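Overview (structure and organization)
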Amino acid sequence: MMNKYLKLALCILLPLLIGGISGYASASSINIWYMGINKPFFNPPNYLFGPVWTMLYILMGISFYRILQSQNSDIKTKAIIIFCVQMFLNFCWSFLFFKFQLLGISFVEIILMWISIATMIYTFSKIDKTAAYLQIPYLLWVSFASVLNGAIWYLN
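Notes on the structure in this doc start here. (Residues numbered from 1 in each chain as written. Predicted model: local features only at pLDDT ≥ 70, side-chain atom pairs only at ≥ 80, totals over all residues. Heavy atoms only, no water.)

Of regular secondary structure, the protein chain possesses 6 helices and 0 strands. Listing the helices and strands of the protein chain from first to last along the sequence gives α-α-α-α-α-α. Whereas a compact globule of 156 residues would reach a radius of gyration of roughly 15 Å, the protein chain reaches 16 Å, a difference of no more than 12%. Along the longest, intermediate and shortest principal axes, the C-alpha atoms of the protein chain span 50 × 30 × 25 Å. Classification of the 156 residues of the protein chain by burial places 44% in the buried group. Put simply, of all contacts in the protein chain between residues at least 6 apart along the chain, 78% involve residues at least 24 apart. When the accessible surface of the protein chain is split by element, carbon and sulfur atoms take 73% of a total near 8600 Å². (Helix = DSSP H or I, 4+ residues; strand = E, 2+ residues; numbered from the N terminus. Rg over C-alpha atoms; globule rule 2.2 N^0.38 Å. Buried < 20%, exposed > 50% of the residue type's maximum accessible area, 1.4 Å probe, protein only. Contact = heavy atoms within 4.5 Å. Areas by Shrake-Rupley, 256 points an atom, 1.4 Å probe, with all protein chains shown as cover.)

Put into structure tokens, the structure is as follows:
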């Protein structure tokens with residue numbers, strides 16, 4: 001029983017850690033560069049991003065845990081790989097957008113992230129419907145973030 005709780009905790013900690021590292025590395029650019037650029041009218045307040053991403057990372061971890069608990073199969077292996085790919089893209093986006101201010105490249109990258117999340121949801125649904133459903137808020141948020149990224153790129 002303790003092994004399950006430890007595994008769940010590690011699955012939740014993994015996305016939180018990845019998000020925390022990329023957030024920390026790009027925080028100075030958020031407070032300086034991002035504050036001064038043109039943003040669309042629908043840009044949410046900065047204080048909203050931290051809590052939203054924290055909740056999304058927790059949901060990612062719970063979802064990933066559910067997949068890891070499933071029977072070993074080729075589809076499970078594929079699901080784990082897709083999860084890792086989308087986490088890598090998630091990690092890189094903050095650097096591209098905030099740290100290096102590559103708005104166009106970060107827009108292309110976030111579209112790739114969106115595709116990987118949609119693929120992950122589809123793959124997870126073949127294994128565990130709840131794990132797939134837990135990723136829907138993430139897909140919705142990245143959909144919004146994609147539009148926001150595109151609008152900021154256009155405005156600047």
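And the narrative resumes.
Together, Leu6, Leu10, Leu13, Leu17 and Ile21 make up a nonpolar patch on the protein surface, roughly 470 Å² of accessible area in all. One can find Ile21 in helix H1 (residues 2-36). A residue is classified by how much of its surface remains accessible, and Ile21, at 42% relative accessible area, is partly exposed. (Patch = residues over 30% accessible without salt bridge, like charges linked within 9 Å, V, L, I, M, F, W, Y side chains within 5 Å. Salt bridge = Lys/Arg side-chain N within 4 Å of Asp/Glu carboxyl O.)

This part takes up the packing of helix H3 (residues 74-99) against helix H6 (residues 136-155). It is at 14 Å that the axes of H3 and H6 come closest, and there the two elements cross at 30°. Classified by the angle between their axes, H3 and H6 sit roughly parallel to one another. For H3 against H6, the interelement crossing comes out left-handed. Side by side, H3 and H6 meet where Gln86, Asn90, Trp93 and Phe97 of the first sit next to Tyr138, Asn149 and Ile152 of the second. When its residues are assigned to classes, the contact of H3 with H6 shows 4 nonpolar, 3 polar and no charged. (Axes fitted to C-alpha atoms, helices over the stretch in contact; angles between N-to-C directions. Parallel < 35°, antiparallel > 145°, perpendicular 65-115°, else oblique. Left-handed = near helix turned anticlockwise from the far one by under 90°. Nonpolar A, V, L, I, M, F, W, Y, C, P; charged D, E, K, R; others polar.)

Moving on, we get to the pattern of salt bridges. By the definition in use, this model includes 1 salt bridge. Residue Asp128 pairs with Arg66 through a salt bridge whose shortest N-O separation is 2.9 Å. Of this pair, Asp128 sits in the loop between helix H4 (103-125) and helix H5 (129-133) while Arg66 sits in helix H2 (residues 46-68), and the two are 62 residues apart along the sequence.

A few words on the environment of Phe64. Residue placement: Phe64 occurs in helix H2. Separated by 50 residues in the primary sequence, Phe64 and Leu14 have C-alpha atoms spaced 9.9 Å apart. Once residues within four sequence positions are removed from consideration, Phe64 is found in contact with Cys11, Leu14, Ile80 and Phe83.

A few words on the nonpolar core. Nonpolar side chains tend to gather and get buried jointly when the protein is soluble and globular. Core analysis: the biggest nonpolar cluster contains 38 residues, and Tyr34, Trp53, Met60, Phe97, Ile117, Phe124 and Tyr138 have the highest contact counts within it. Looking at this core, the elements with two or more residues in it are H1, H2, H3, H4, H5 and H6. Here the element with the most residues in this core is H2; it accounts for 9 residues. Aside from chain neighbours lying at most four places away, what touches Tyr138 is Trp53, Leu56, Met60, Gln86, Asn90, Met113, Ile117 and Met120. (Core = buried A, V, L, I, M, F, W, Y, C linked by side-chain atoms within 4.5 Å.)

This brings us to H3. Because an α-helix completes one turn every 3.6 residues, residues spaced three or four positions apart along the sequence face the same direction. Along its 26 residues, H3 runs 37 Å from first to last C-alpha, staying within 8% of the 38 Å computed at 1.5 Å per residue. Trailing H3 by a residue or two, Gln101 shows a phi angle of about 55°, which is positive. (Expected span 1.5 Å × (residues − 1).)

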